[in-house]
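Here's the letter readout for the chains.
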Amino acid sequence: MSAIGENGLRNPLKTARSYGSAQSGVHHWWVQRVTAVALIPLGLWFIWLALGLAHADFDTARAVIGQPVHAVLLIALVVALFWHGALGLQVVIEDYVHTRWKEIALQLAVRFGAFIAAVACILAIARIALTR
Amino acid sequence: MSQTARPLSPHLQIYRWRVNMLQSTLHRLSGLFLCLGGLLLAWGLIAAACNAGAWAAFAAFCGSPFGIALLIAWTWALLFHLCNGIQHLYRDAGMGYDAAQRDHMRTPSYFAMGWVVIAVSLILTALVWICVFARASGGAA
């Protein structure tokens, strides 16, 4: 084994020149699946919650969102949702946008947009839950 | 991007149409649409955190004909993406690929599963909106 080395029979240059695996490709795939699994129960629960919030007035909506269990699950939902969404949009952009500067601009916009939206949602939920 | 002389894979019209083509397209489209739905969720939460006026504006949008149409579409997008996503996870685990399940002529279960996913998502969407409208008529009385 020592004669072959860490790269097996490959010349290290093959990896260095971007034809080999970067060893991190599975991370995107895995996080997409983890957030997907989280979103199965959270998504079904959210539909149930939204059904309760339909036709609710301001005070009722705040009371429902502000319940500790609901607030915690909503924050979990928002994190999983925007993370999963950003990963999905990233792949769509990689597939269809082939002009380099447009691709990078869109990727940055998606990342920043998803992050800002998630933070805004978390702050809103926290504010509703903590000021009653 | 620099190498343009690579061989190309055959384009769409070469392949026989299968239901998983529809599933794949719908999964992407519903995913994109759900990202917009995430922004609606953000609007609702921020409105609820602000004041009664902001919440009334949000509720008015959701209760308008355009808003209801969007919400129905979002419900189906969410439920289809969820059902199809469960099928994705099932197949990611390596299940459902046996020869008998792949063979369309003998056992159509691989493709039948695609139709089941679409049917279940439509049925669940109908159930959700029956609940919404039943509550609306019950609440008004």
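Residues numbered from 1 in each chain as written. Chains lettered and ligands numbered in written order. Predicted model: local features only at pLDDT ≥ 70, side-chain atom pairs only at ≥ 80, totals over all residues.

Asks: Just checking my understanding: could you explain helix α5 (residues 100–130) of chain A for this structure?
Replies: Because each turn of an α-helix spans 3.6 residues, side chains separated by three or four positions end up pointing in the same direction. An ideal rise of 1.5 Å per residue puts 45 Å on 31 residues; α5(A) measures up with 45 Å between its terminal C-alpha atoms. All buried positions along α5(A) are accounted for by Ala114(A), Ala117(A), Ala118(A), Cys121(A), Ala124(A), Ile125(A) and Ile128(A). Buried-residue contacts for α5(A) involve α3 (58–66) and α4 (68–96) of chain A together with α1 (19–50) of chain B. (Helix = DSSP H or I, 4+ residues; strand = E, 2+ residues; numbered from the N terminus. Expected span 1.5 Å × (residues − 1). Buried ≥ 20, exposed ≤ 12 C-beta atoms within 10 Å, placed from the backbone. Contact = placed C-beta atoms within 7 Å.)

Asks: Help me understand the interface of chain A and chain B, please; the structure alone is not making it clear to me.
Replies: It is common to report an interface's size as the accessible area lost on association of the parts. Contacts between the two partners involve 27 residues from chain A and, on the opposite side, 28 residues from chain B. Secondary-structure elements contributing two or more residues to the side of chain A that touches chain B are α2 (25–53), α3, α4 and α5 of chain A. Tallied by class, the residues present in the side of chain A that touches chain B amount to 19 nonpolar, five polar and three charged. (Nonpolar A, V, L, I, M, F, W, Y, C, P; charged D, E, K, R; others polar.)

Asks: It is not clear to me how α2(A) should be interpreted in this structure. Could you clarify?
Replies: Across its 29 residues, α2(A) extends 40 Å between first and last C-alpha, which sits within 8% of the 42 Å expected from 1.5 Å per residue. At Leu39(A), α2(A) shows its maximal bend, which comes to roughly 35°, and the proline Pro41(A) appears one to four places after that position. The complete set of buried residues in α2(A) reads Thr35(A), Ala36(A), Leu39(A), Gly43(A) and Phe46(A). The inward-facing, buried residues of α2(A) contact α4 of chain A together with α3 (65–92) of chain B. Downstream of α2(A) by one or two residues, His55(A) has phi in the positive range, about 70°. (Bend = angle between axes of the 7 residues up to and from the residue.)

Asks: Where do I start with the packing of α4(A) against α1(B) in this structure?
Replies: Each pair of packed helices gets described by two things: the angle between the helix axes and the distance between those axes. The geometry of α4(A) relative to α1(B) is characterised by a closest axis approach of 10 Å and an angle of 135° between their N-to-C directions. The angle between the axes of α4(A) and α1(B) places the two elements in the oblique class. In terms of crossing hand, the pair formed by α4(A) and α1(B) is left-handed. Across from Leu81(A), Phe82(A), Gly85(A), Gly88(A), Leu89(A) and Val92(A) in α4(A), the residues of α1(B) making contact are Arg28(B), Gly31(B), Leu32(B), Leu34(B), Cys35(B) and Gly38(B). The residue inventory of the contact of α4(A) with α1(B), partitioned by class, reads seven nonpolar, four polar and one charged. (Axes fitted to C-alpha atoms, helices over the stretch in contact; angles between N-to-C directions. Parallel < 35°, antiparallel > 145°, perpendicular 65-115°, else oblique. Left-handed = near helix turned anticlockwise from the far one by under 90°.)

Asks: Is there a simple way to explain the confidence of the model for chain B in this structure?
Replies: For chain B, per-residue confidence averages 88 on the pLDDT scale, and 88% of positions sit at 70 or higher. Across chain B, the secondary-structure element scoring lowest on mean pLDDT is helix α4 (residues 99–102) of chain B, at 66, and the one scoring highest is α3(B), at 96. (pLDDT = per-residue confidence, 0-100.)

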